[in-house]
Amino acid sequence: MPRIYTGTGDDGTTGLLYGGRISKADPATEAYGAVDEAVAALGVTRSLTDNVTFAAELLHLQRELFVVGADLATNPAERSKLEPGVSLVTHEMVVALEELIDRTVAEHPLPNEFIVPGATTTSASLDVARSVVRRAERRSVAFRDAGGPVSDDLLHYLNRLSDLLFCLARWQAGEHEPSSREQH
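Residues numbered from 1 in each chain as written. Predicted model: local features only at pLDDT ≥ 70, side-chain atom pairs only at ≥ 80, totals over all residues. Heavy atoms only, no water.

Undergrad: Please explain the layout of surface pockets as it appears in this structure.
TA: A probe matching the size of a water molecule, rolled over the atoms, marks out where space remains unfilled. By volume, the largest pocket amounts to about 270 Å³. Lining of the largest pocket is provided by 14 residues; of these, P109, P111, R170, G174 and E175 occupy positions nearest its centre. Of the residues assigned to the lining of the largest pocket, the class counts are five nonpolar, five polar and four charged. In this structure, the second largest pocket occupies an estimated 200 Å³ of space. Residue lining of the second largest pocket: N51, T53, F54, E57, L100, R103, T104, E107, H108, L168 and W171, and that is the complete set. Counting residues per element, the ones that place at least two in the lining of the second largest pocket are α2 (52-72), α3 (91-107) and α5 (152-173). The element contributing the most residues to the lining of the second largest pocket is α3, with four residues. Here the residues of the lining of the second largest pocket are counted per class, giving four nonpolar, four polar and three charged. (1 Å grid on protein atoms, 1.4 Å probe; cavity = no way out; pocket = protein on both sides within 12 Å on 5 of 7 lines; lining within 4 Å. Points joined across faces, edges and corners; volume = space filled by probe spheres on them. Nonpolar A, V, L, I, M, F, W, Y, C, P; charged D, E, K, R; others polar. Helix = DSSP H or I, 4+ residues; strand = E, 2+ residues; numbered from the N terminus.)

As structure tokens, this is what we get:
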């Protein structure tokens, strides 16, 4: 049986895709670590829904986040080995999210005021996933600002994904979300 532990990370480093090691505190690790958290958060949401179509869409988003993670976790000297849509985020991935956002909003219009999340378990878990994706976006910007090879498409993808998750959360909440302001 293969072992999950290798001991190679005991020195505070982690391996990159296509070789090389970096600190576990490196901006790259922070970025793809937050993406990994987003994958897990979407998994919680997927486990909460009985809607097979919605669960399949969430699984698709989780798989796309693996593309984002691979893009961020690649040894910079080996980026030419990345495959579009498999290990490299593409413009087409961003456009697909925009189209899904537009369809979702057309079918489920957004509220005209700030709301307090938590109307349903599924909507609340989507809002948690959304906030984790926002963190992944911030960490990816920090990685880029530190000189990392972060593409505009990757940043746009994370930005659109958080927008989509907001829209999906409002759909899953229905009409039951309270306003962020007390009604007097």
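Next comes the rest of the account.
Undergrad: I tried to follow the pattern of salt bridges on my own but got confused; where do I start?
TA: Pairing between side chains of opposite charge can happen when their charged atoms approach one another. Overall, the coordinates contain ten salt bridges when judged by the stated rule. Notably, a salt bridge pairs R134 with E137, separated by 3.2 Å at the nearest N-O pair. Of this pair, R134 and E137 both sit in helix α4 (residues 121-145), three residues apart, roughly one helical turn. Judged by relative accessible area, R134 falls into the partly exposed class, the value being 28%. Classification of E137 as buried rests on a relative accessible area of 14%. A cluster of three or more residues bridged by salt bridges with shared partners is formed by D127, R130 and R170. (Salt bridge = Lys/Arg side-chain N within 4 Å of Asp/Glu carboxyl O. Buried < 20%, exposed > 50% of the residue type's maximum accessible area, 1.4 Å probe, protein only.)

Keep in mind these numbers describe shape, not what the thing actually does.
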